[in-house]
Amino acid sequence: MNKLNRRRLFLVSGLAAGAVAVPRLAGAGPVPAAVRDPFGLGIASGDPRPDGMVLWTRLATAPLDIGGGMGTRNVPVEWQVATDEAFGTIVASGTETAIPAEGHSVHAEPRGLAPGAEFFYRFRADGFLSPVGRTRTAPAPGSTPAALRFGFASCQHFEEGWYHAHRFMAADAPDLILFLGDYMYEKQSGSANRVRWYVDFDEVDALGEYRLRYAQIRTDPDIRAAHAVAPWLAVFDDHELKNNWWGVSSDAPAARKQASFQAFWENMPLPKAMKPVNSAIPLYRRVSWGTLARFHMMDTRQYRWKQAPAANCAEITRTDRTLTGAAQEQWLLDGFAAGGSRWDFLGQQVFFAQRDTDGGTGTCDVSTDAWDGYRASRQRITQGWVDRQVRNPVVLTGDVHRHWANNLRLNYFDHGSPLVGTELVTTSITSGGDATETAPPTVPNNPHLFYVGNHRGYVRVTATAGQLTADFMKVSSVRERDPARVSLSVRNRFVVLDGQPGVRPA
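Because the structure is a prediction, the values reported are computed rather than measured. (Residues numbered from 1 in each chain as written. Predicted model: local features only at pLDDT ≥ 70, side-chain atom pairs only at ≥ 80, totals over all residues. Heavy atoms only, no water.)

Digging into the packing of helix H7 (residues 326-338) against helix H8 (residues 375-387)
Threshold: Lines fitted to the C-alpha atoms define the axes, with helices restricted to the stretch that makes contact. Angles between their N-to-C directions range from 0 to 180 degrees. Secondary structure elements are taken from DSSP: a helix is a run of H or I of four residues or more, a strand is a run of E of two residues or more, and numbering for both begins at the N terminus. Here the angle decides the label: under 35 degrees means roughly parallel, over 145 means roughly antiparallel, 65 to 115 means roughly perpendicular, and every other value means oblique. Definitions for this section: a left-handed crossing has its near helix turned counterclockwise from the far helix by less than a right angle. A right-handed crossing has that turn clockwise. In this description, contact between two residues means that some pair of their heavy atoms is separated by no more than 4.5 Å. In the scheme used here, Gly and all other residues not listed as nonpolar or charged are polar, with Ala, Val, Leu, Ile, Met, Phe, Trp, Tyr, Cys and Pro taken as nonpolar and Asp, Glu, Lys and Arg as charged.
One can describe the packing of H7 onto H8 by two numbers: an axis separation of 9 Å at closest approach and a directional angle of 15°. The angle between H7 and H8 falls in the class roughly parallel. Here H7 runs over H8; the crossing is right-handed. Facing H7, whose interface residues are Glu 329, Leu 332, Leu 333 and Phe 336, H8 presents Ser 377, Arg 380, Ile 381, Gly 384 and Trp 385. Its residues assigned to classes, the contact of H7 with H8 comprises 5 nonpolar, 2 polar and 2 charged.

Let's talk about the pattern of salt bridges
Here is the rule we go by: By salt bridge we mean one thing: a side-chain nitrogen of Lys or Arg within 4 Å of a carboxyl oxygen of Asp or Glu. A simple rule labels every residue: compare its accessible area, found with a 1.4 Å probe on the protein chains alone, to the largest value its type can have, and call it buried under 20%, exposed over 50%, or partly exposed in between.
Under the definition given, this model contains 31 salt bridges. Of the charged contacts, one joins Arg 285 and Asp 47 as a salt bridge, the two residues approaching to 3.0 Å between their closest N and O atoms. One end of the pair, Arg 285, is in strand E12 (residues 285-289); the other, Asp 47, is in strand E1 (residues 43-49), and 238 residues separate them in sequence. Each member of the pair, Arg 285 as well as Asp 47, is classed as buried. Each of Asp 172, Arg 460, Asp 471 and Arg 493 takes part in salt bridges that share partners, so that together they form one network.

Details of the state of the cysteines
Stated precisely, the cut-off is as follows: We call a pair of cysteine sulfur atoms a disulfide when they lie within 2.5 Å.
Applying the stated criterion to the full structure yields 1 disulfide. Covalently, Cys 313 is tied to Cys 364 through a disulfide, its sulfur atoms 2.0 Å apart. Across the S-S bond linking Cys 313 and Cys 364, the dihedral sits near 120°, which makes this disulfide right-handed. Residue Cys 313 is found in helix H6 (residues 313-316), and its partner Cys 364 is found in the loop between strand E14 (343-347) and H8; the two are separated by 51 residues along the sequence. A residue is classified by how much of its surface remains accessible, and Cys 313, at 21% relative accessible area, is partly exposed. With a relative accessible area of 1%, Cys 364 lands in the buried category.

Focus: empty space enclosed by the protein
Using the following cut-off: Lining residues are defined by having an atom within 4 Å of a point belonging to a cavity or pocket. Those points lie on a 1 Å grid over the protein atoms alone, cavities being sets where a 1.4 Å probe fits but cannot get out and pockets being open sets with protein on both sides within 12 Å along at least five of seven lines. Grid points are joined across faces, edges and corners, and a volume is the space filled by probe spheres set on the points.
Across all of its chains, the model carries 1 cavity of 30 Å³ or more by this definition. In this model, the largest cavity occupies a volume close to 30 Å³. Lining the largest cavity are Gln 354, Gly 359, Tyr 412, Phe 413, His 415, Asn 445, Asn 446, Pro 447 and His 448. Here the residues of the lining of the largest cavity are counted per class, giving 3 nonpolar, 6 polar and no charged.

Quick notes on the packing of helix H3 (residues 207-218) against helix H5 (residues 254-267)
Closest axis-to-axis distance for the H3/H5 pair is 8 Å, and the angle between their directions is 30°. Taken together, the axis directions place H3 and H5 in an arrangement best described as roughly parallel. At the point where H3 passes H5, the crossing takes the right-handed sense. Contacts from Leu 207, Tyr 210, Arg 211, Tyr 214 and Arg 218 in H3 reach Arg 256, Ala 259, Ser 260, Gln 262, Ala 263, Phe 264, Glu 266 and Asn 267 in H5. Split by residue class, the contact of H3 with H5 holds 6 nonpolar, 3 polar and 4 charged.

Let's talk about the packing of aromatic side chains
Keep this limit in mind: What counts as a ring pair is set by centres within 6.5 Å for rings of Phe, Tyr and Trp (its six-membered ring), and what kind of pair is set by the plane angle: stacked under 30 degrees, edge-to-face over 60, tilted for all other angles.
For the structure on display, the rule yields 25 aromatic pairs. Between the aromatic rings of Phe 236 and Phe 264, the centroid separation amounts to 5.2 Å while the plane-to-plane angle is 80°, which identifies the pairing as edge-to-face. Note that Phe 236 is positioned in the loop between strand E11 (232-234) and H5 and Phe 264 in helix H5, a separation of 28 residues in sequence. Of the residues examined, Phe 264 reaches a relative accessible area of 1% and is grouped as buried.

Here we look at the pairing of E12
This is how the line gets drawn: By definition, two strands form a pair when at least two bridges between them are found by DSSP.
In E12, alternate side chains face the same way, and those of Arg 285, Val 287 and Trp 289 are buried while those of Arg 286 and Ser 288 on the opposite face are not. As paired strands, E12 and strand E13 (residues 293-297) are joined by 5 bridges and run antiparallel to one another. Its bridge partner being in E13, Ser 288 is matched across the sheet by Arg 294. Hairpin connection between E12 and E13: a loop of 3 residues separates the two successive antiparallel strands, and Gly 290 in this loop has a positive phi of roughly 60°.

Some points on the environment of Thr 361
Within the secondary structure, Thr 361 is located in the loop between E14 and H8. Exposure remark for Thr 361: the relative accessible area of 58% places this residue in the exposed category. Taking C-alpha positions, Thr 361 is 9.6 Å from Cys 313, a pair spaced 48 residues apart along the chain.

Focus: H8
Test applied: Here, expected helix span is obtained from the residue count minus one, scaled by 1.5 Å.
Taking 1.5 Å of rise per residue, the 13 residues of H8 would be expected to cover 18 Å, and the 18 Å separating its terminal C-alpha atoms lies within 8% of that figure. Among all positions of H8, only Arg 375, Ala 376, Ser 377, Arg 378, Ile 381, Thr 382, Gly 384 and Trp 385 are buried. The elements touched by buried residues of H8 are H6, H7, E14, strand E15 (393-397), strand E16 (403-409) and strand E17 (419-425). Positive phi shows up at Gln 389, right after H8, with a value of about 55°.

Concerning the sheet that holds strand E18 (residues 449-453)
Where strands meet in a sheet, backbone hydrogen bonds hold them as pairs that are either parallel or antiparallel. Spatial ordering of the open sheet is given by E12-E13-E14-E15-E17-E16-E18, a layout of 7 strands whose pairing is mixed. Both outer strands of the open sheet, E12 and E18, are each paired with one neighbouring strand and no more. Adjacent strand axes in the sheet meet at a mean angle of 20° when their direction is disregarded. Here 4 bridges tie E16 to E18, and the two strands are oriented antiparallel to one another. Paired with Ala 405 across the two strands is Tyr 451, which belongs to E18. Here H7 sits on the sheet and contacts E12, E13 and E14; the angle it forms with E13, its principal contact strand, is near 175°. Its contacts with the sheet place H8 against E14, E15, E16 and E17, and it is angled at close to 120° to E17.

Here's what the structure looks like:
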């Protein structure tokens, strides 16, 4: 029996129950015969500009079926943007066509909106109104907002926990949410402590399978709430395609890459210009927040060299190794040179600071999938922001399922060398399940690794002209399903002062 037939049997058996229907709102108009609410996957916004943003939805009357229940028809989808939640003042509207070739996804891009303002949006299709989302435009170029509040997160294996962290992020009502990779996982967990199961038994490798995996994630009401509360900046890491894949010549076939990238674009609030072409997607880009902040959203997968063999110092220390590729590296350096921003955030996926287990110069006892495996690439970028006098470089990282707060140096083996930047690492939303607070053995030999916390959650950041405050948020349990029995706490809080690299206790 092939994969799709097994999945259909699984669905028919009722084991995949749990897709959450979105109530039909008043005033939605007549309902065509035999048509069900198509907005079960929710709505989202992303990539804010001073005059607009991307508004997203994906139509699916049967989210856990191949094709989402929408068939082969093209569906007109109206959208509206208003200054108030009741839509008393509509300031932009239009119509998009959701087509089967794009998974019936919608990527509307309103223009001409006021900068630095809050808006509300909704969609209408097949006589139904979608839920209402909250979004905002970026501040006007040259303006300096008083503060920027954002959360960032990563790594949310659907089977390994409930998405309480997303519910708490939604309650924060931030200006922006960054997701730094591993939104979905290509494989089943394998953990004995799974709290729920993917509907597909096998590793996904085709477009219909990737679409189904994203759809199942979106049946969770907490992640829908986080998508609806603020615009997102999203990038992928490896599990959206295949664990630890690398570069254009990796062992992931081109057809699988194309399917993975297409599904990622279809299911994220990304601009139309980012739609994949063949087996490539233009993922890295920049978003400015007036003069207060600039986000350099990076791609650490498509252009990297293959990971070096473990502890192979000759390969790890090669001066021509690259994690970003030459074009992205130059793009990043050019962004540093542009100046004009108080805080420069590098939104990226893998651990940036050095984590050499024994701290010795000759052992290369490091993770070769992280920047440690690409020392020269890291050095060029770090030296690049030093040479270009970037005022406050802050690297934002996911991937490692722990909270970390790190001080960045040009020479990590010289523990007295100057600090030149800061790295904030978010733990996972669910991946790894509930955990105990144990420090890895790398910490004692790496004093620049200022803090590590082993729990689930996210990072909440407030940036002002004078300082950045980072709250490392801890969710009490991801195995407990009942929201009333799950709490959120600030596990630790650090600040970074303007012009003074490195973290310090708040």
